[in-house]
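Results of the structural survey
Residue strings, one per chain:
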2 protein chains.
Amino acid sequence: MPHYTPPIDDIRFVLHDVLSIEQSTAVDGYPDLTPDMTAGILEEAGKLAVEILLPLNPIGDREGCVLEAGSVRTPAGFRAAMDVLREGGWPSLECDPDYGGQGMPNVLNMAIGEMHSACNMALMMYPGLTHGAYSAIHTHGSEAQRQLYLPKLVSGEWTGTMNLTEPHCGTDLGLLRTKAEPREDGSCAITGQKIFISSGEHDLAENIIHLVLARLPDAPEGVKGISLFIVPKILVQEDGSFGERNALSCGALERKMGIHGNATCVMNYDGATGFLLGEPHKGLRAMFTMMNEARLAVGMQGLAQASIAYQNAAAYAKERLQGRAVGGAAEPDKPADPILVHPDIRRLLMEQKAFVEGGRALLYWASTLNDIAHRHTEPAAREAADDLVGLLTPVIKAFLTDEGFAASVKAQQVFGGHGYIEEWGQSQFVRDARIAMIYEGANGVQALDLVGRKLAQKGGKPLVGLLSEIKDFCKRSQHEEAFRADFIDPLKDASKALQEAAMFFAQHGMKNPDIALAGSTDFLHLFGHVGMAYMWARMAKTAGQIREADPDREAFCAAKIATGRFYMQKVLPISFVHLARLKAGAGSVMALGPEDF
Amino acid sequence: MPHYTPPIDDIRFVLHDVLSIEQSTAVDGYPDLTPDMTAGILEEAGKLAVEILLPLNPIGDREGCVLEAGSVRTPAGFRAAMDVLREGGWPSLECDPDYGGQGMPNVLNMAIGEMHSACNMALMMYPGLTHGAYSAIHTHGSEAQRQLYLPKLVSGEWTGTMNLTEPHCGTDLGLLRTKAEPREDGSCAITGQKIFISSGEHDLAENIIHLVLARLPDAPEGVKGISLFIVPKILVQEDGSFGERNALSCGALERKMGIHGNATCVMNYDGATGFLLGEPHKGLRAMFTMMNEARLAVGMQGLAQASIAYQNAAAYAKERLQGRAVGGAAEPDKPADPILVHPDIRRLLMEQKAFVEGGRALLYWASTLNDIAHRHTEPAAREAADDLVGLLTPVIKAFLTDEGFAASVKAQQVFGGHGYIEEWGQSQFVRDARIAMIYEGANGVQALDLVGRKLAQKGGKPLVGLLSEIKDFCKRSQHEEAFRADFIDPLKDASKALQEAAMFFAQHGMKNPDIALAGSTDFLHLFGHVGMAYMWARMAKTAGQIREADPDREAFCAAKIATGRFYMQKVLPISFVHLARLKAGAGSVMALGPEDF
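Before going into details, it helps to say that this report is about the structure given with it. Worth saying up front: this structure is predicted, and the values here are computed from it rather than measured.

1. Here's the deal with the overall build of chain A
For chain A, the helix and strand inventory stands at 19 helices and eleven strands. Taking 597 residues into account, the globule formula puts the C-alpha radius of gyration at 25 Å, and chain A, at 24 Å, falls close to it. For chain A, the spread of C-alpha atoms along the three principal axes comes to 80 × 60 × 60 Å. Buried residues in chain A amount to 64% of all 597 residues.

2. Concerning the relation of the copies chain A and chain B
Superposing chain A onto chain B takes a rotation of 180° plus a shift of 0.0 Å along the axis, which leaves an RMSD of 0.0 Å. Taken together, the rotation and translation describe the operation of a two-fold axis.

3. Describing the interface of chain A and chain B
Counting residues at the interface gives 87 residues for chain A and 87 residues for chain B. Taken together, both faces of the contact between chain A and chain B bury some 7600 Å²; the carbon and sulfur share is 62%. Sorting the residues of chain A by area buried against chain B places Y420, K570 and F597 of chain A first, and these three jointly supply 12% of that buried surface. Here chain A is connected to chain B by 46 residue pairs in polar contact (both at pLDDT 80 or more). A per-element tally of the side of chain A that touches chain B places helix α17 (residues 554–571) of chain A first, with eight residues. Residue classes in the side of chain A that touches chain B are distributed as 45 nonpolar, 20 polar and 22 charged.

4. Thoughts on the side chain of S307 of chain B
Residue and element names in this part refer to chain B. Note that S307 resides in helix α7 (residues 283–319). With relative accessibility at 2%, the residue S307 sits in the buried group. In this structure S307 touches Y4, E114, V356 and R360, once residues within four positions along its chain are discounted.

5. Observations regarding the packing of aromatic side chains
Under the criterion given, the structure shown has 23 aromatic pairs over all chains. Pairing F523 of chain A with F527 of chain A gives two aromatic rings, centres 6.2 Å apart and planes at 85°, and the pair type is edge-to-face. Taken as a pair, F523 of chain A and F527 of chain A lie in helix α16 (residues 520–549) at a separation of four residues, close to a single helical turn. The residues F523 of chain A and F527 of chain A share a single accessibility class, namely buried. Here W365 of chain B and Y534 of chain B contribute two aromatic rings whose centre-to-centre distance is 5.6 Å and whose plane-to-plane angle is 80°, an arrangement assigned as edge-to-face. With W365 of chain B in helix α8 (residues 343–375) and Y534 of chain B in helix α16 (residues 520–549), the pair connects residues that are 169 residues apart, well separated along the chain. Among the aromatic residues, those joined into a ring-pair cluster are F504, F505, F523 and F527 of chain A. For R434 of chain A, the ring lying beneath its charged end belongs to F405 of chain A, and the centroid distance is 5.6 Å.

6. A closer look at a negative patch on the surface
Residues and elements named next belong to chain A. A cluster of acidic side chains, namely D9, E43, E44 and E51, defines a negative patch on the protein surface. The element best represented in the negative patch is helix α2 (residues 35–63), accounting for three residues. Residue D9 is classed as exposed on the basis of its relative accessible area of 52%.

7. Notes on the packing of helix α18 (residues 574–583) of chain A against helix α18 (residues 574–583) of chain B
In contact at an axis separation of 9 Å, α18 of chain A and α18 of chain B are set at 165° when each is read in the N-to-C sense. Our classification of the angle between α18 of chain A and α18 of chain B gives roughly antiparallel. In this structure, α18 of chain A crosses over α18 of chain B, and the sense of that crossing is right-handed. Residues I574, V577 and R581 of chain A of α18 of chain A lie in contact with α18 of chain B, whose contacting residues are I574, V577 and R581 of chain B. Residue classes in the contact of α18 of chain A with α18 of chain B are distributed as four nonpolar, no polar and two charged.

8. Thoughts on the packing of helix α5 (residues 121–140) of chain A against helix α6 (residues 143–155) of chain A
Residues and elements named next belong to chain A. One way to put it is that α5 packs onto α6 with a least axis distance of 10 Å and a crossing angle of 155°. By the angle between their directions, the pair α5 and α6 is classed as roughly antiparallel. Remark: the crossing between α5 and α6 carries left-handed chirality. Taken together, the residues of α6 that come into contact with α5 (itself represented by T130, Y134, I137 and H138) are Q145, R146, Y149, L150, L153 and V154.

9. Details of the pattern of salt bridges
Residues and elements named next belong to chain A. Per the counting criterion, the structure on display carries 57 salt bridges over all chains. Across the pair E157 and K152 runs a salt bridge whose closest N-O atoms are separated by 3.5 Å. By relative accessible area, which is 32% here, E157 ends up partly exposed. Sharing partners across several salt bridges, the network here consists of D10, K353, E357 and K560.

10. Focus: the pairing of strand β11 (residues 264–277) of chain B
All names here are of chain B. Within β11, ten of the 14 residues are buried, leaving the element largely enclosed by the surrounding structure. Across nine bridges, the pairing between strand β5 (residues 188–198) and β11 is antiparallel. Within β11, the residue paired with C188 across the bridge is G274. As paired elements, strand β10 (residues 248–253) and β11 share five bridges and run antiparallel to each other. Considered in β11, the bridge of L248 is made with Y269.

11. With respect to the state of the cysteines
Residue and element names in this part refer to chain B. For the structure on display, the rule yields zero disulfides over all chains. The thiol sulfur of C65 is not disulfide-bonded, and the nearest other cysteine sulfur, from C265, lies at 7.8 Å. In this model C265 remains outside any disulfide bridge; the closest cysteine sulfur is found in C250, 3.7 Å from its own. A relative accessible area of 0% places C265 in the buried class.

Cut-offs and rules
All residue numbers refer to position in the chain's written sequence, counted from 1. Chains carry letters from A onward and ligands carry numbers from 1 onward, assigned in written order. Thresholds applied to this predicted model are a pLDDT of at least 70 for local features of residues and 80 or more for the giving and counting of side-chain atom pairs; totals over whole chains, interfaces and linings are not thresholded and use all residues. Side-chain calculation: all heavy atoms of the structure are included, whereas hydrogens and water are not. The secondary structure listing takes helices from DSSP runs of H or I that are at least 4 residues long and strands from runs of E that are at least 2 residues long, numbered from the N terminus. Both definitions apply: the radius of gyration is a C-alpha atom measure, and the globule rule equals 2.2 Å times residues to the power 0.38. A simple rule labels every residue: compare its accessible area, found with a 1.4 Å probe on the protein chains alone, to the largest value its type can have, and call it buried under 20%, exposed over 50%, or partly exposed in between. Superposing the copies works by least squares over the C-alpha atoms of residues that have pLDDT at least 70 in both of them. Should any heavy atoms of two residues lie within 4.5 Å, those residues are counted as being in contact. As a working definition, buried area equals the accessible area (1.4 Å probe) given up by two parts on being put together, with both sides summed. Whenever two N or O atoms come within 3.5 Å, that pair is a polar contact, provided that in protein one can donate a hydrogen and the other can accept it, and provided that, for residues adjacent in sequence, both atoms are side-chain atoms. When residue character is reported, Ala, Val, Leu, Ile, Met, Phe, Trp, Tyr, Cys and Pro are called nonpolar, Asp, Glu, Lys and Arg charged, and the others, Gly included, polar. Between the rings of Phe, Tyr and Trp (Trp by its six-membered ring), a pair exists once the centres lie within 6.5 Å; its type follows the angle of the planes, with under 30 degrees stacked, over 60 edge-to-face, and the other angles tilted. Put simply, a charge is over a ring when the Lys NZ or the Arg CZ is close to the ring centre, within 6 Å, and near the line of the ring normal, within 35 degrees. Patch membership needs two things, relative accessible area over 30% and no salt bridge, and members are linked within 9 Å if like-charged or within 5 Å if nonpolar (Val, Leu, Ile, Met, Phe, Trp, Tyr). The Shrake-Rupley method, run with a 1.4 Å probe, gives the accessible areas here. Residue values count only the displayed protein chains as cover. Take a side-chain nitrogen of Lys or Arg and a carboxyl oxygen of Asp or Glu: if they are within 4 Å of each other, that pair is a salt bridge. Think of it this way: Lys and Arg go in the positive column, Asp and Glu in the negative one, and His and the chain ends go nowhere. Charge positions come from single atoms, namely NZ of Lys, CZ of Arg, CG of Asp or CD of Glu. Lines are fitted to the C-alpha atoms to define the axes, a helix being fitted only along its stretch in contact, and any angle between axes, read from their N-to-C directions, falls within 0 to 180 degrees. Angle categories are assigned with fixed cut-offs, so that under 35 degrees is roughly parallel, over 145 is roughly antiparallel, 65 to 115 is roughly perpendicular, and the rest are oblique. A crossing counts as left-handed when the near helix is turned anticlockwise from the far one by less than a right angle, and as right-handed when that turn is clockwise. Two strands pair under a simple rule: DSSP has to find at least two bridges between them. Disulfides are defined in this document as cysteine sulfur pairs within 2.5 Å.

Rendered as structure tokens:
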């Protein structure tokens, strides 16, 4: 049975020492987040993760969800856990106080989400998707819709879903066929089939608010003719009381590689009553509002699985006795040394550790940009942050999930044969982490979004801004020679590689778009590593300052700097391969005919 | 439901065009393997794979094995499939004719094994482990033991197992506790518990011959006190008839991430009757004879899962309509283009294809070295081949399984959400492939074997020999300018990197062994890529010669050369990162104390 230690010190280090969120007085909510206050909240959240969510994780995996007579039974204990979450007010943390929320910033929710998701990703998807539905209705709904649906979504009494995919269309939503036929009362009759609907049907809440993409009769073809509808499982009357059961049902559950505790549903809409959300034919835009937030959260899931998998691998490596250290027995009184003494086991663990701690900083940094974009007092600051987080979102989503999965596989490897059997839990972390590379836009789609859209926005200003931010940081931080050699020089080289890659695309991408597209994933990963290197340099610098001021934190800071040095020496060099690969162009990628595959 | 097209043309290309096996007249068995003869055998084997093994693969995954009152029930259809295998004589193909075998070379068995394992890895593990037991008894058994056990193992009527692991020891066999107490009749009483025993108990054969590592009473401590025993499930009398049921039983089955169709057993030996195989205290050496062969076969499993996963991903990419080619619609009459038009999908597929075809050549090449080592008429040739295959074995095992798993994950990614649900079969390929990185010595142990043992054997002669073989090949092949630029120059650079890495270890490894150990996995992967590059250069050269002589094979050869070019441009550059990483030494890997993890 896996264990989990909430990484409170690491989280606080990023929030308060590196990002200094409480000093961002121009961001609504940040000044209240003093280190003491976040410590209290994080400790409560961590306790809940360990005591309530973690024990249910293997149960959810083993039992899965069961569809019986149209109703879905979630695994034993999930209902009680949802009650605990609701009673603690956790779903409402980041929501608008006007609808019962607590108005906390996104970055705090992200830190809590990381711990909760680490301990039970499948269960946390129920409130996670609810938050997406909340955001869409909050941003695009009429005041009446907000009053009718938000309070119950905020409290967690109801849950929400996103209904995009159909059997013949996932990425290409222009192909979608679900129909919306207007009725005289202003509602629409929604008819069609949706697949892969996470949390589509379950027994954890008294109502489920489905957000469904469909076409109105007069809709233009393709993506410009898609509208978004609120389609409640049970219709809600104007006074908030329940009306009829709506004409929608869960037709089947998918058998999946992982996240067994979450119900992945085939949803059938048979003239179900739906209400237009936002403007007609502009549903995709509304959906994307919530998708951008969701993508950061999916990046968080990749990180979270890596984090718990790493913790358990490290513990196993300290306990499992096998072989002897090459330089002589480390624990001569035992029959063998713990496998942590073996350099290749350490390499595996250091790779995971460097990813988890660097990835956490990267994610929380992006999340603060998200907060600034929504909450800063200055419009110019909001806009700049919005641009940068828009650029970073596909990177965070794809990089953290690709690398989070890879880190989970490495953690599993530390266990040897015990990693492959279900008893130890490592297999579940790997299987659960796998979906994060696929949903909310497969990672190749993220690379396309980055290279085909985000990179060129506003004439490339966001990337230029980021590169000059890094340059400024390097200038300010290169006075100490060892720090410069260990952190600043590699960061400079990697960001130059990123700049060179962007220039290469700019020069060749117009003539031959295949060049940028064939190199898009390499570009995204190069970008991810530059982001990680920037975070590691910032963390190492901060740790260097703290260790001088506070001897109590010496061990923490020394480990942080050593881990950062590992990242720079042993991981970052991959950046140059990504550059070389993308500069090799599209020729060899596109050379074969379809018949050759 | 996945499909499979036996890659007969590709296999024949490697066997006959690249490796020219039928021209190796000094190798017993090779002159008989004319292209026509192998074609006939491969086609029969492929037919069996597609018609019998493939349909049972998802059934085996879904049903798994069930333990009831000490007996294991394998999935529906497995017994009938084993009958078909036996009736076709497939288990006996590579075995000694003196015991009923057909005396075919290893490389042919490897090619057949690839197809069979692609279609049903879990099922093929039953005869696969049997072959390991056959080899150990054949090499180390007395003539009486050979007569008693081999004919039934060769025919497939009985199956075999390897019993190494115990709950507290896997890699470090020196810790093992299972006891063997000599009896007056010359047999021993075997007592102890073994875990992770693949095919340990099942209903597919009338007897199971367990090979069990245990300690005799006078045994020295550690690995030098381990002996190997033949412990039949049902005792066999001297006349070959069955005696008593032996005192051994399957105590439990493991719940695993994959290979559900294979029974992974906890085996309890309660004073079971065992017979010493080979010399006392030299059991590990005997076990390693069969382990080296088994490691090549595990490399084959990694390749095989990647191969079928790739085939299905390619087919899906041609069928699934989503989005449009960036340069304008490829199939304007359809609602969207097949996703194969998208450069990032092609990149995924090209990476898989380049791995599968290059990995196949690498594996079969190593397998011919195995044949030469056993069957060449000249002792010097046998010795040289044995040295080289010894060096290559850990590379093949770890590189093909790490990369085979990675390729299977990429194939799954091509399917988007459909890759995550079990219906399409991609999840099973990934889950099954995962074990190959772990069993028969986890891949980190392979890297240790390579760097800590094989590299230095005979003063490093095998690696020097390989590097000069590659050098000679380059010299002979650099006359054509385009070929030199595309294939020879990158191959030269990569092999220089491998040489540099070996020199680096030689210089620093004695002073500080951690340097070699911390870089061992990087070294192994660098080695793997040099091997792949050598194979791709040889394949491209051969394809260039064929296309001039035989216009019918133009398309095949052109695709081969284009795929090789992709490998050289887009994959091989990773070699230099492996070199840079290992040259960064062990400092940052070993810096942290145990309390920092």
